[in-house]
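# Overview (structure and organization)
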Amino acid sequence: MKTTLLTDFEKIRQIYNLYMKQDFPANELKPLAMIRKARTQGRYDCYGIYDGDSFIGYAFFVKLMSGDRFHYLLDYLAIVQENRNRGCGGELLRQLSELISDADCIIAEVENPDADSVIAETKNSDTNGTPVEMENSNDNLIIAEGEDPNADHIIVDGEDPNADPNEQEKDKRERRLRFYLRNGYRTTGVKATVFGVDYLLLETNAAKPGLSHSKEEIREIYAGLYQSMVPPPMYQTLIKINS
């Protein structure tokens, strides 16, 4: 399998129409025109993972330049239905980490299940064991970027698993959190509420394992990414970042 930066907008259009409309609720999907405009402005990157000619999955990222560095926010990530539960999601994250090997920080946000118990369980488990597959995620912070030597931060968001959903939804959130924790992410201690959804922010660093950022740094990076996407009145009303 090989992950590649998508430069042909027609391929992106096909992924959007054939897969993203099925993988995500309509109210969670940005208009395709918005994605196209952001790409044109250098503020959005799209990746696809392929097995030969077969399309396996995708990862879309918001990106923001800050000084001589880039910050990233995972906007959408999913593996197509027929390729789920094969470890493809973990392989996508692994390859993306290689593509952004110079990044100082990659942040992910996940819905908050019983985060404390999942984190403790993951710490006590063999992270080289059977991978936990993630079907799709609009966690607006994950991994990304292609061969950009200046990449510094990449952010992913996943819904915060502690928000008292039904048992089926809670199980899904816990599996999603395990997926990130088993693939090199760690907790930041920062939570956010975005458009009414509670998120737990995670980060990883492929280039400098063990390096972590302060809560204040994470909050600042995260705020900057959302401020680059939404107008000030909407940001002030609908984006809340907590310690």
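Residues numbered from 1 in each chain as written. Predicted model: local features only at pLDDT ≥ 70, side-chain atom pairs only at ≥ 80, totals over all residues. Heavy atoms only, no water.

### Points about a nonpolar patch on the surface
Taken together, the side chains of Phe195, Met234 and Leu238 present a nonpolar region at the surface, about 250 Å² in accessible area. With respect to the element layout, Phe195 can be found in the loop between strand 8 (186-194) and strand 9 (197-204). (Patch = residues over 30% accessible without salt bridge, like charges linked within 9 Å, V, L, I, M, F, W, Y side chains within 5 Å. Areas by Shrake-Rupley, 256 points an atom, 1.4 Å probe, with all protein chains shown as cover. Salt bridge = Lys/Arg side-chain N within 4 Å of Asp/Glu carboxyl O. Helix = DSSP H or I, 4+ residues; strand = E, 2+ residues; numbered from the N terminus.)

### Things to note about the environment of Phe195
The class for Phe195 is partly exposed, based on a relative accessible area of 44%. A sequence separation of 43 residues divides Phe195 from Leu238, and the C-alpha atoms of the two residues are 5.1 Å apart. Phe195 has contacts with Val230, Met234, Leu238 and Ile239, leaving out every residue within four places of it along the chain. (Buried < 20%, exposed > 50% of the residue type's maximum accessible area, 1.4 Å probe, protein only. Contact = heavy atoms within 4.5 Å.)

### Digging into the pairing of strand 3 (residues 54-66)
Residues in a regular strand project their side chains so that they alternate between the two faces of the sheet. When strand 2 (residues 44-51) meets strand 3, the two strands line up antiparallel, connected through eight bridges. Directly across from Tyr47, in strand 3, lies its bridge partner Ala59. Between strand 2 and strand 3, which pair antiparallel and follow one another directly, the connecting turn spans two residues, one of which, Gly52, has a positive phi of 65°. (Pairing = 2+ DSSP bridges.)

### Quick notes on the pairing of strand 8
By the bridge criterion, six bridges tie strand 8 to strand 9 in an arrangement that is antiparallel. From the neighbouring strand, Arg186 faces strand 9, where its bridge partner is Glu203. Here strand 8 hands over to strand 9 after two residues, with Phe195 in that stretch at a positive phi of 50°. Pairing analysis gives four bridges linking strand 8 to strand 10 (residues 239-242), with the strands arranged antiparallel. Within strand 10, the residue paired with Lys191 across the bridge is Asn242.

### As for the nonpolar core
Among the nonpolar cores identified, the biggest contains 38 residues, and Met20, Tyr44, Tyr58, Phe60, Tyr76 and Tyr222 are the most heavily contacted of them. If you tally residues by element for this core, the top one is helix 6 (residues 215-227), at six residues. Not counting the four nearest positions on each side in its chain, Tyr58 is found in contact with Ile15, Tyr19, Met20, Asp23, Phe24, Tyr47, Gly48, Tyr76, Leu77, Ala78 and Leu92. Of all hydrophobic cores here, the second largest spans 25 residues; its members include Phe61, Tyr72, Leu96 and Ile106. (Core = buried A, V, L, I, M, F, W, Y, C linked by side-chain atoms within 4.5 Å.)

### Quick word on the environment of Lys2
For Lys2, the location among the structural elements is in strand 1 (residues 2-5). C-alpha of Lys2 to C-alpha of Tyr50: the two residues are 48 residues apart in sequence and 5.3 Å apart in space. With residues near it in sequence (within four places) discarded, Lys2 still touches Gly48, Ile49, Tyr50 and Gln95.

### Notes on the packing of aromatic side chains
Inspection of the entire model under this criterion finds 10 aromatic pairs. Taking 5.2 Å as the distance between ring centres and 80° as the angle between the ring planes, the aromatic pair formed by Tyr180 and Tyr185 counts as edge-to-face. As far as burial versus exposure is concerned, Tyr180 and Tyr185 are alike and both buried. Joined through ring pairs, the aromatic side chains of Tyr19, Tyr44, Tyr50, Phe55, Tyr58 and Phe60 make up one cluster. (Phe/Tyr/Trp six-rings, centres within 6.5 Å; stacked < 30°, edge-to-face > 60°.)

### A closer look at helix 1 (residues 9-23)
With 15 residues, helix 1 extends 19 Å between its outermost C-alpha atoms, agreeing within 8% with the 21 Å of an ideal straight helix rising 1.5 Å per residue. The largest bend in helix 1 amounts to roughly 40° and is located at Tyr16. At the N-terminal boundary of helix 1, the capping side chain belongs to Asp8, with an oxygen 2.9 Å from the backbone nitrogen of Glu10. (Expected span 1.5 Å × (residues − 1). Bend = angle between axes of the 7 residues up to and from the residue. Polar contact = N/O pair within 3.5 Å; in protein donor to acceptor, adjacent residues only side chain to side chain.)

### Concerning the pattern of salt bridges
Tallied over the entire structure, the rule returns 10 salt bridges. Close ionic contact of Lys63 with Asp45 constitutes a salt bridge, the shortest N to O distance being 3.3 Å. A residue pair is termed long-range when its members are at least 10 positions apart, and Lys63 in strand 3 and Asp45 in strand 2 qualify at 18 residues. The two residues Lys63 and Asp45 agree in class, both being buried. A salt bridge links Glu216 to Arg219; the nearest nitrogen and oxygen atoms lie 3.0 Å apart. Taken together, the positions of Glu216 and Arg219, both in helix 6 and three residues apart, correspond to about one turn of that helix. Taking the relative accessible area as the measure of exposure, Glu216 reaches 46% and is therefore partly exposed.

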